[in-house]
Protein chains: 2
Amino acid sequence: MLNPVSRVRRFNRAVTSAVGALDSSFLGRGRPLGAARVLNAIGHGRSDVAEIRDYLGLDSGLMSRLLRSLEDEGVVETSTHADDARRRVAKLTRTGRREFAAYEALSNAQAEGFLAQHAQREALLAAMDLIASALTRERVSLNESDPQSEQARYCLGEYYAELGRRFKQGFDVSLSRDPDAKDMRRPRGTFIVAMSDTLPIGCVGLKGTDHGYAEIKRLWVAPAARGLRLGRRLMDATEDAARELGIALLRLDTNSALPEAGQLYRTTGWREIPRFNDDPYPDLFFEKRL
Amino acid sequence: MLNPVSRVRRFNRAVTSAVGALDSSFLGRGRPLGAARVLNAIGHGRSDVAEIRDYLGLDSGLMSRLLRSLEDEGVVETSTHADDARRRVAKLTRTGRREFAAYEALSNAQAEGFLAQHAQREALLAAMDLIASALTRERVSLNESDPQSEQARYCLGEYYAELGRRFKQGFDVSLSRDPDAKDMRRPRGTFIVAMSDTLPIGCVGLKGTDHGYAEIKRLWVAPAARGLRLGRRLMDATEDAARELGIALLRLDTNSALPEAGQLYRTTGWREIPRFNDDPYPDLFFEKRL
DNA sequence: CATGATGTCTGACTTTAGTCAGATATCATG
DNA sequence: CATGATATCTGACTAAAGTCAGACATCATG
């Protein structure tokens, strides 16, 4: 009753019945589940028919019929794609948007109801984040994005908050050599955000300099996503980007209060070098030749 | 992207697709899912046809047909219930047990595969326990059981380990007034274990004494089950049992290092009294008249 | 022991999901 | 502009799940 496998299986059972209940709550709107799923995919912004088919794993014949039934119902309208007349794009009509809103309200109410039942909300949410990240790990996408985008700013905020918790003297960005956004945009550098579904769960910046090297900055992985080797994936992606940009030498600084970071660098070809800047926070400095 | 409801919904999406994959892994054995589910329910010890139907939420007609198809296949045999000739009981044949074992192996392999993919196993398992307990909270059952049963011993072990972590001087059972098992058996007392599915997640003992009162001992709730008001349920069940046993006065001791326990007692009609024993660990003493 | 309730079974359906082989239109390419 | 690839659609199926009314045997009860 206590071994890890039974615990996973207990979780599976609990979640299977919860998911069943969730699915059947969608049946209350007089539409089969398949059609409801297509409607919701469109509502969530997937307009390309092929993309929806792919996302939901449907046969093209089935997809075509589901789309037709939604059109007959008056909740969806389709048109041909502007760039490619073979493809079709679907969008919701006014009634379709109303139906979608009803499904959204249902989902939100279900989620709120679940949360309302439990004390220790934060613990529960953290557990959910962890599991969701674990389950969708192979679907984590690394996207280059602007260092001032919403996702990037979210990651950086979390990163600073975590440094504040882990450095005994706290962390104040304004005292640190905070990299300029323009140094983390191509062609000088880049900024990569790891997204799991719609949640940013990690980031890293490549900051161009005028000293013949580029610096790795702001490597962060969300607590809920640790153990998935995401740090390594982010570093690999950054090195690839650096090579693309013709950068031959990378440097970074870090702090011994973040042992997992030092560990990562040491096992991926970085070598320790003497201090190369006067930032007050770091106490460890590394270099890697590409 | 960050609010609690979105986090729950992200979890739901992640888990929905995982459950789908799990279900379809059961299709590899040439049997539709419905039939496989019935076979597995029987394998897990549910023999009464009505009980299976209820557990799986099936229509009686459908259930009857599924059972018939399993019989035709030679994996199940049915007979009439010994006490009631209207009811049927189903059991696996030899080949049925072999098929069941194959499904079990599949489930175990799936669970092991999931665990093998992840570092931070313990964190992941703890998150799964927490969520499973939250989802099945209304299905937690409180069972009176022998204080030396496997489940009881598991709970007590966890309880002692937790005291060891929370008391700054640690905890050594042999120094404490460890209650005798025979004082926690009817008619002198009782011992109640809270089970979620097959996992013990809490316990409490009622220890009979010869001094005109009984004592509450070993109240424990698994970390994964906190926030579900399980402590209160356990205490209520114990008080009910005490009333049944004709006990009019209850006492207990606890420690101020366990503030949630003190809080629970104070809000449920217990009043603080002077020390009534010489156990070195407790520093708070309560009494409640039934 | 008559009566209504209960548990199972059967027949006759419907709905949903899914498959597969073309048909048709359009696109990218040389 | 011929050719093969791609995206969607249609027709013709099958399988699985589920529903419903009634049949039948058995049980609990007064």
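From a predicted model like this one, the values you see are computed outputs, not experimental measurements.

Draft legend 1. Structural context of the protein's contact with DNA strand C. Around DNA strand C sit 21 residues, and of these Gly34, Ala85 and Arg86 of chain A together with Arg65 and Arg68 of chain B come closest. Among the atoms of DNA strand C close to the protein, meaning within 4 Å, 63% are from sugar or phosphate groups. Here Arg86 of chain A contributes a side-chain N or O atom positioned 3.3 Å from a sugar or linking oxygen of DNA strand C. In the model, a phosphate oxygen of DNA strand C is placed 3.3 Å from a nitrogen or oxygen of the Ser64 of chain B side chain. For the surface near DNA strand C, the elements supplying multiple residues, two or more each, are helix H2 (33-43) and helix H4 (60-73) of chain A together with helix H3 (49-56) and helix H4 (60-73) of chain B. Ranked by residues supplied to the surface near DNA strand C, first place goes to H4 of chain B with 5 residues. Across the surface near DNA strand C, the residue classes break down as 7 nonpolar, 4 polar and 10 charged.

Draft legend 2. Up close: the side chain of Glu215 of chain B. Here Glu215 of chain B shows up in strand E6 (residues 214-221). Once you skip the residues sitting within four places of it in the chain, Glu215 of chain B turns out to touch Arg177, Gly205, Leu206, Lys207, Thr209, Arg251, Asp253, Phe276 and Asn277 of chain B.

Draft legend 3. Main features of the sheet that holds strand E8 (residues 271-272) of chain B. All names here are of chain B. The mixed open sheet is built from 7 strands, whose spatial order is E3-E4-E5-E6-E7-E9-E8. The sheet is open, and its two edges are formed by strand E3 (141-144) and E8, each paired on a single side. Pairing of E6 with strand E7 (residues 249-254), which is carried by 3 bridges, proceeds in the parallel orientation. Across the sheet, Ala214 pairs through a bridge with Leu250, a residue of E7.

Draft legend 4. Just the protein's contact with DNA strand D, in detail. Surrounding DNA strand D, one finds 20 residues, the nearest of these being Arg53, Arg65 and Arg68 of chain A together with Ala85 and Arg86 of chain B. Take the atoms of DNA strand D that sit within 4 Å of the protein: sugar and phosphate atoms are 62% of them. Here Arg88 of chain A contributes a backbone N or O atom positioned 3.4 Å from a phosphate oxygen of DNA strand D. Counting residues per element, the ones that place at least two in the surface near DNA strand D are helix H3 (49-56) and H4 of chain A together with helix H2 (33-43) and H4 of chain B. Here the surface near DNA strand D gets 5 residues from one element, more than from any other, and that element is H4 of chain A. Here the residues of the surface near DNA strand D sort into 6 nonpolar, 4 polar and 10 charged.

Draft legend 5. Region of the structure containing the interface of chain A and chain B. On the chain B side, the residues contacting the 62 residues of chain A number 62 residues. Carbon and sulfur atoms supply 63% of the area that chain A and chain B bury against each other, a total of about 5,600 Å² over both sides. Our count for the contact surface shared by chain A and chain B stands at 8 salt bridges. For Arg9 of chain B, the salt bridge is made with Glu104 of chain A, and the minimal N-O distance between the two is 3.0 Å. At the boundary of chain A with chain B, the tally comes to 12 residue pairs in polar contact (both at pLDDT 80 or more). Only helix H1 (4-25), helix H5 (94-116), helix H6 (121-135), helix H7 (150-166) and strand E5 (199-208) of chain A provide two or more residues apiece to the side of chain A that touches chain B.

Draft legend 6. Main features of the sheet that holds strand E7 (residues 249-254) of chain A. All names here are of chain A. Read from one edge of the open sheet, 7 strands run E3-E4-E5-E6-E7-E9-E8, paired in mixed fashion. In this open sheet, the two edge strands, each paired with only one partner strand, are strand E3 (141-144) and strand E8 (271-272). Across 4 bridges, E3 lies against strand E4 (residues 190-196) in antiparallel orientation. Following the sheet pairing, Ser141 is matched in E4 by Met195. Across the sheet, H7 touches E4, E5 and strand E6 (214-221), and the angle it forms with E6 is around 80 degrees. Where helix H9 (residues 259-266) meets the sheet, its contacts fall on E6, E7, E8 and strand E9 (284-289), and the angle it forms with E9 comes to roughly 25 degrees.

Draft legend 7. View of the relation of the copies chain A and chain B. Once chain A has been moved 0.0 Å along the axis and rotated by 180 degrees, it coincides with chain B to within an RMSD of 0.5 Å. The operation mapping one copy onto its partner corresponds to a two-fold rotation axis. Identified as the residue of chain A closest to the rotation axis by C-alpha distance is Ala127 of chain A, at 2.2 Å. Here 100% of the interface residues in chain A have copies in chain B that are interface residues too; the copies meet face to matching face.

Draft legend 8. Spatial organisation of H4 of chain A. All names here are of chain A. The end-to-end C-alpha distance of H4 is 20 Å, a good match for the 20 Å that 14 residues give at a rise of 1.5 Å each. Along H4, the residues that are buried comprise Gly61, Met63, Leu66, Leu67 and Leu70. Each element contacted by the buried residues of H4 is listed here: H2, H3, strand E1 (76-80) and strand E2 (88-92). One or two steps after H4, the chain reaches Gly74, where phi turns positive at roughly 85 degrees.

Thresholds, definitions, all that
- Residues numbered from 1 in each chain as written.
- Chains lettered and ligands numbered in written order.
- Predicted model: local features only at pLDDT ≥ 70, side-chain atom pairs only at ≥ 80, totals over all residues.
- Heavy atoms only, no water.
- Near = heavy atom within 4 Å.
- Polar contact = N/O pair within 3.5 Å; in protein donor to acceptor, adjacent residues only side chain to side chain.
- Helix = DSSP H or I, 4+ residues; strand = E, 2+ residues; numbered from the N terminus.
- Nonpolar A, V, L, I, M, F, W, Y, C, P; charged D, E, K, R; others polar.
- Contact = heavy atoms within 4.5 Å.
- Pairing = 2+ DSSP bridges.
- Buried area = accessible area lost by both parts, 1.4 Å probe.
- Salt bridge = Lys/Arg side-chain N within 4 Å of Asp/Glu carboxyl O.
- Axes fitted to C-alpha atoms, helices over the stretch in contact; angles between N-to-C directions.
- Least-squares fit on C-alpha atoms with pLDDT ≥ 70 in both.
- Expected span 1.5 Å × (residues − 1).
- Buried < 20%, exposed > 50% of the residue type's maximum accessible area, 1.4 Å probe, protein only.

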